[in-house]
Amino acid sequence: MESGPITGPVLTDGAAGDTHPRSAELSGVPAKPNPATGELGGTFWRRFVFRRPLVALILQRLGLSVGLLFAVSLMIFGGIEALPGDFATTYLGQSATPQAVENIRKDLGLDRPWSERYLSWLGGAVQGDFGTSWASKNSVSEQIGKRLGNSLFLAFFAALISVPLAVGLGMLAVQFRNRLPDKIINVISLAAISLPEFFIGYLLIMFFAVQLGVATFPATVYDSMTFTERLSAIALPVATLVLVVLAHMMRMTRAAILNVMSSAYVETAELKGLGTFRIIARHAAPNAVAPVINVIALNLAYLVVGVVVVEVVFVYPGMGQYMVDAVTVRDMPVVQACGLIFAAFYIFLNMAADILAILANPRLRHPR
Amino acid sequence: MSDYKDYLTRQVMLGKMNRREFLGRAAALGIAASTANTLFATSAAAQEPKRGGHLKLGLEGAAATDSKDPAKALSQFLFVVVRTWGDLLVESHPTTGAPVPALAESWEPSADAATWTFTIRKGVKFHDGKELTVEDVVKTLQRHTDDKSESGALGVMKSIKEIKADGGKLVLTLTEGNADLPLLLSDYHLVIQPNGGMDNPDAMVGTGPYKVASFEPGVRATFERNQDDWRTDRGYVDSVELIAMNDATARIAALSSGQVHFINRIDPKTVSLLKRAPTVEILNTSGRGHYVFIMHCNTAPFDNNDLRMALKLAMDRETMVQRILGGYGKIGNDFPINDTYALFPEGIEQRVYDPDKAAFHYKKSGHSGPVLLRTSDVAFPGAVDAAVLYQESAKKAGIEIEVKREPGDGYWTNVWNAQPFCTSYWGGRPTQDQMYSTAYLSNADWNDTRFQREDFDKLLLQARSELDEAKRKDMYRTLAMMVRDEGGVILPMFNDFVNASTKQVKGYVHDIGNDMSNGYVATRVWLDA
């Protein structure tokens, strides 16, 4: 049987992985499992990847996110441990006596080793319990609930306005490519992105609150406010945020659509005699979705976790301000909880963007 | 001229000037007597407080970590919050700094000033309707004296040995005599709470002019007038709202757009800009807070008094006050006391910038090479600029100062009270004794200049229990001279408290005790429609 070493029995063993090398490669799973340890789980996972690459990819992405979150939690804890100064002295300031400092340190268990404190903190955090604030002795989860609500409220309205506006303006810019509307949109958005956000905030305050007196300032929101009062309070910060994030998303939409516009099938559509807007909306935009989704996700994350400066300028009680307050007095449980929640937001939104991009990819949606 | 007229009018409104004086000064301005008479009448009428209205204050210093417990009140924001709802046993007089009765009607020391008997006011009701008793007072003081407590007043209270009720009176026994005890009880943490706050320290129930309506840490606090207030000379507005505004520009924007009536902590650099707004009034008050350059007296090269003297003489105080404080302050004289303290030792010669004399002492000290000064912007506003200014003025005396900028994070732990030469500030204390005991007594916790002298300690303790004012004043003079001529502190300036309000706000009392009318701003002002 020297003629057929390829079909020989020697190689049939463990050759299953070679049958469809392309799909295995795509999922990133090693093509050849070890035949000796070939556990049931491994085989099952390989079959699953082969049959449902989409679900497998998403599951993998989810697993990665959870792992990342754990790594981040360790980094947050380590980073805070490395900060100079400690809570007791910072909190009491010049009015502290060594006695009071000692009392606080013992009270908070700061004398325990850091690994022990990390584990007990993580154990609580997994169950949604972030402990009590050292400074105010209130439940961190409870306080964060309110602050996060405020932050999300602000971010939601900023996103509600900026995302459709950015995508719409991007499409508009493509349609009038290199003509006046395109140039105006570009110049304005570039100007907005070049100014630091606090400066935009101050400008808006100066014009709308101080000189014209039409806008509400400060944008402090509190429990007893009605919904309309809240909306009027957040008008200026929302306007600032919209200006800050608009350009980024708009320019990415424009670039991605333009990229697709040079492809062959758009040319076909043009030759078919379709209108420019129709081509952009029906044929180009859906294929430019992945990069746009990525940029939108990043900006959404920014709207939740990156708006500290805007919150401070407008005196808005959101998460950013909460974390800054906590950092200044070294209120560790609060800082850790904020850091972890911020990280979770980033990871979640990035993951959502990835998954949406995967779903938007027809080659993965319809495996052969 | 109109500025001066405004000033005169304000003096009348504050009750600081009588009719004769006013007419005389007005005549000097060329104002006709009949006009001046009307002006005086309107100014004097304006002194009559109006009731009603909603007062809004935008304040720096709030944080989400703020505590409701007065024992743990530390920020500027909480300072005002506590003053608005709570009362103390003793308050300090706004202009003389002497103790005045509050919830304690009167007091009596023993001959050695070691036992004090306080008569507690009757018929005062807490916000929850309960009547104030001596027991509540005893429990309050006990809570703040407990070693386990995290009270900010713990340092003040540790000299109290025994607290007990004797009939309707409160009797305090001290470990040693202290003539200043009543003033120590004016510490803002020592708010009298029902049962001393033992059951619920966070309840925010007191006997003050306003009841707490809502409190969101780091966001806002609202108050309603206490209809059963035991005093009639305060609490003029119906409701008060304190809004946390940690951003200086936000505060200024809120004030100039009329969204708030009062803001605190104005950067001297921006005062001249804010002054241009027609509706705004700048309120600056001399205070006890001071900015310092501290040297460790026991660490080389600062263990040499000639070098310390050289460094003191090389400081240009006038320029410091002008450049760093924008003129909103007074020059210092290298001891931590100014004329806002009772028993201030007058007539001590002002130390001035003298490069020649500085060079003489520097040469005598035998030191050579640069002197390392550590600083950071958290030490006090403009500290880095001040250090550079100092470097320049010292250069003229032939002294080389090397300025090292340290990170603000951890400055109070790693640099202040740890490194031999750095910049810092002190907030001032209610009494001279307390100021010296906190920072200049040999074994003081915060002896940040390592000033250790037995004769100083002995004299300070003697002065503490001395009830004869003249003798005491003399002792304080000696103490001041010791610190001034041999201490490790270079004290170029006392900073003013700079706040601002809209012109609607009337009756602001310039209280030397502390910032924001000693925290009583919300209870003392009224709104002129």
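Residues numbered from 1 in each chain as written. Chains lettered and ligands numbered in written order. Predicted model: local features only at pLDDT ≥ 70, side-chain atom pairs only at ≥ 80, totals over all residues. Heavy atoms only, no water.

*Asks:* Tell me about the overall build of chain A, residues and numbers included.
*Replies:* Regarding its fold elements, chain A presents 19 helices and zero strands. Of all 368 residues assigned to chain A, the portion counted as buried reaches 43%. The long-range share in chain A, meaning contacts at least 24 apart out of those at least 6 apart in sequence, stands at 72%. (Helix = DSSP H or I, 4+ residues; strand = E, 2+ residues; numbered from the N terminus. Buried < 20%, exposed > 50% of the residue type's maximum accessible area, 1.4 Å probe, protein only. Contact = heavy atoms within 4.5 Å.)

*Asks:* Break down the overall build of chain B for me, citing the residues and quoting the values.
*Replies:* When its secondary structure is counted, chain B shows 19 helices and 21 strands. Against the globule reference of 24 Å for 529 residues, chain B gives a C-alpha radius of gyration of 24 Å, in line with a compact fold. If you line up chain B on its principal axes, its C-alpha atoms span 70 × 60 × 45 Å. Looking at chain B as a whole, 58% of its 529 residues are labelled buried. (Rg over C-alpha atoms; globule rule 2.2 N^0.38 Å.)

*Asks:* Any details on the packing of aromatic side chains? Residues and values, ideally.
*Replies:* Residues and elements named next belong to chain B. Enumeration over the complete set of coordinates arrives at 24 aromatic pairs over all chains. Look at Phe79 and Tyr188: their rings are 4.7 Å apart centre to centre, the planes differ by 70 degrees, and that puts the pair in the edge-to-face class. Taken as a pair, Phe79 in helix 4 (residues 76-85) and Tyr188 in the loop between helix 7 (181-184) and strand 8 (210-216) lie far apart in primary sequence, 109 residues in all. Both residues of the pair, Phe79 and Tyr188, count as buried. (Phe/Tyr/Trp six-rings, centres within 6.5 Å; stacked < 30°, edge-to-face > 60°.)

*Asks:* Could you give an account of the interface of chain B and chain A, naming the residues involved and the relevant values?
*Replies:* Of the residues lining the interface, 45 residues belong to chain B; the matching set on chain A comes to 46 residues. Approximately 3400 Å² of surface area, both sides summed, lies buried where chain B meets chain A, with 55% of it carried by carbon and sulfur atoms. Considering only the surface of chain B that becomes buried against chain A, Ala64(B), Thr65(B) and Glu150(B) emerge as the three largest contributors, covering 17% of it. One can count zero salt bridges joining chain B with chain A. On the surface where chain B and chain A come into contact, there are five residue pairs in polar contact (both at pLDDT 80 or more). Elements with a minimum of two residues in the side of chain B that touches chain A: helix 6 (154-157), strand 10 (239-244), helix 8 (248-256), helix 14 (411-414) and strand 17 (421-426) of chain B. Looking at the side of chain B that touches chain A residue by residue, the classes come out as 18 nonpolar, 16 polar and eleven charged. (Buried area = accessible area lost by both parts, 1.4 Å probe. Salt bridge = Lys/Arg side-chain N within 4 Å of Asp/Glu carboxyl O. Polar contact = N/O pair within 3.5 Å; in protein donor to acceptor, adjacent residues only side chain to side chain. Nonpolar A, V, L, I, M, F, W, Y, C, P; charged D, E, K, R; others polar.)

*Asks:* Residues and numbers for the sheet that holds strand 7 (residues 169-174) of chain B, please.
*Replies:* Residues and elements named next belong to chain B. Sheet architecture is open: four strands sit in the order 4-5-7-6, paired in antiparallel fashion. With one partner strand each, in any of the chains shown, strand 4 (104-109) and strand 6 (160-166) form the two edges of the open sheet. Recorded for the sheet is a direction-independent mean angle of 20 degrees between the axes of neighbouring strands. Pairing of strand 4 with strand 5 (residues 115-120) involves five bridges; the strand directions are antiparallel. Bridge assignment links Pro109 to a residue of strand 5, and that residue is Trp116. (Pairing = 2+ DSSP bridges. Axes fitted to C-alpha atoms, helices over the stretch in contact; angles between N-to-C directions.)

*Asks:* Give me the lowdown on the pattern of salt bridges, citing residues and values where you can.
*Replies:* All names here are of chain B. Applying the stated criterion across every chain, the model contains 27 salt bridges over all chains. Lys473 is paired through a salt bridge with Glu346; the nearest N and O atoms lie 3.8 Å apart. Taken as a pair, Lys473 in helix 17 (residues 469-486) and Glu346 in the loop between strand 14 (329-331) and helix 12 (355-365) lie far apart in primary sequence, 127 residues in all. In this structure Lys473 comes out as partly exposed when scored by relative accessible area, which is 31%. What makes Glu346 exposed here is its relative accessible area of 53%. Salt bridges linked by common partners bring Arg317, Asp334, Arg351, Arg484 and Asp485 together as one network.

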